[in-house]
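Examination of the molecular architecture
Spelled out, the chains give:
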Amino acid sequence: MAEVLETSILTADTDLKNIAQKVYDNQRITDAEALLLFEKGSLGFVGSLANFVRERLHGDITYFNRNFHIEPTNACIYTCNFCSYSRLYAHRDEAWELGLEQMMDIVKKYDNEPVTEVHIVGGVHPKMNLEFFAELLRKIKEHRPDLHIKGFTAVELDYMFRKAKKTVKEGLEYLKDAGLESLPGGGAEIFAAGVREQICPDKVDADGWLAIHGTAHELGMHTNATMLYGHIESFADRVDHMRRLRELQDRTGGFNTFIPLKFRNKNNDMSNVAESTLVEDMRLYAIARIYLDNFPHLKAYWPMLGRQNAQLSLSFGVNDLDGTIDDTTKIYSMAGAEEQVPSMSTQDLVVLIRQAHRKPVERGTLYNVIKDYGTEVLV
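Residues numbered from 1 in each chain as written. Predicted model: local features only at pLDDT ≥ 70, side-chain atom pairs only at ≥ 80, totals over all residues. Heavy atoms only, no water.

Here helix α4 (residues 43-58) spans 21 Å end to end across 16 residues, near enough to the 22 Å set by a 1.5 Å rise per residue. Taken together, the buried positions of α4 are occupied by Phe-45, Val-46, Gly-47, Leu-49, Ala-50, Asn-51, Val-53, Arg-54 and His-58. Positive backbone phi, at 60 degrees, marks Gly-59, one or two positions downstream of α4. (Helix = DSSP H or I, 4+ residues; strand = E, 2+ residues; numbered from the N terminus. Expected span 1.5 Å × (residues − 1). Buried < 20%, exposed > 50% of the residue type's maximum accessible area, 1.4 Å probe, protein only.)

Turning our eyes to something else, we now look at the pattern of salt bridges. If you walk through the whole model with that rule in mind, you get 28 salt bridges. Put simply, Asp-250 and Arg-28 hold a salt bridge, and the shortest N to O gap is 2.8 Å. Of the two residues, Asp-250 sits in helix α11 (residues 235-252) while Arg-28 sits in the loop between α2 (14-24) and α3 (31-40), which places them 222 residues apart along the sequence. Taking the shortest distance from any N to any O, the salt bridge between Asp-281 and Lys-262 comes out at 2.8 Å. In this pair, Asp-281 is assigned in helix α12 (residues 278-291) and Lys-262 in strand β8 (residues 255-262), connecting sequence segments 19 residues apart. Connected via shared salt-bridge partners are Asp-31, Asp-240, Arg-243, Arg-244, Arg-246 and Glu-247. (Salt bridge = Lys/Arg side-chain N within 4 Å of Asp/Glu carboxyl O.)

The next thing to look at is the environment of Ala-206. Relative to the helices and strands, Ala-206 is located in helix α10 (residues 206-218). Separated by 16 residues in sequence, Ala-206 and Ile-190 place their C-alpha atoms 8.0 Å apart. For Ala-206, the contacting residues outside a window of four places in its chain are Phe-191, Arg-196 and Arg-244. (Contact = heavy atoms within 4.5 Å.)

This part covers the packing of aromatic side chains. This model, assessed by the stated rule, comprises 11 aromatic pairs. Seen in terms of ring centroids, Tyr-63 and Tyr-367 are 5.3 Å apart; in terms of plane orientation they differ by 90 degrees. Their pairing is edge-to-face. One end of the pair, Tyr-63, is in strand β1 (residues 61-70); the other, Tyr-367, is in the loop between β11 (359-363) and β12 (369-372), and 304 residues separate them in sequence. Of the two residues, Tyr-63 and Tyr-367, neither departs from the other in class, the shared state being buried. Members of the aromatic cluster, joined through ring pairs, are Phe-191, Trp-209, Phe-255, Phe-258 and Phe-295. For Lys-166, the ring lying beneath its charged end belongs to Tyr-174, and the centroid distance is 5.3 Å. Between Arg-246 and the ring centre of Tyr-291, over which it is positioned, the NZ or CZ distance is 3.7 Å. (Phe/Tyr/Trp six-rings, centres within 6.5 Å; stacked < 30°, edge-to-face > 60°. Lys NZ or Arg CZ within 6 Å of the ring centre and 35° of its normal.)

This is a description of form; function is not addressed.
See below:
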């Protein structure tokens, strides 16, 4: 009750106070209540509630992992207006395309490093088909069996499976047999059909994205979920997006974490759209933590937000900062993110988390604890 009184002083609105009571009583808030938080909840109010939820779930623990990315190509058949990363396949002379051995060279670069995950995502290239990527997975597993492979957005998978004339289940089973262990959350963007038609009209729709992740869950694979925010979507679109994720999670329980992705407006066809403010970023994280009560984790992707803003997010519901990455991704640096060289050592991440008065814990992809840095003295 003390927490309710403390949060209540942040608002005189009866409806908001009722939401606070539900949160403290561990009751699910409705779509209408989530929308009310977007429309009327102050940063202090939603932040206080989100931090309560975060600490109820995880205390001060903040997770990170040691990972690196492979981005096979930025040539892509799709034309997403918000994307600063890809180059149309017709203009692939301006893009990069990595062969199997080049990608294996990236893996071998980490042979003597204690990394636990490789994250594989890129553009949709017509020649990089299902068999091509299955062969890559087999080579990685043959070379380093302990490395967890998280790979391919639903957009990439949808194209691969259709081209191979396989069902979603058949395609996922094939890749799983080759070594794929979990899926990232990319390609979700925003589920609202009207907005999707304007920003990414030609790639897999919301139902297709959800079907791929739902099928992965049925096959015992864990996945993540994202939402691209801060462009032309409405508050109602955000709630609709999170509702569909929450409903799928109720059915399958297969999502590990939700990752809000901030729209960045450099070097793309939506450069006229202003980026969201830091206050709105933190409000979004907080409301996501409050609403997505069945998602165990909320992640801030630090290369997108920048280090200090990611650190700040730890007070607004976030309990995961992704990983070391080691400058192996260009997706957000090309869009004008603060982190133009996205690389942090384990010590950097531990210090960053400790400075926020949180407890750093290194995890595996599926949130198994690898090392607790809560009290360890760094040298």
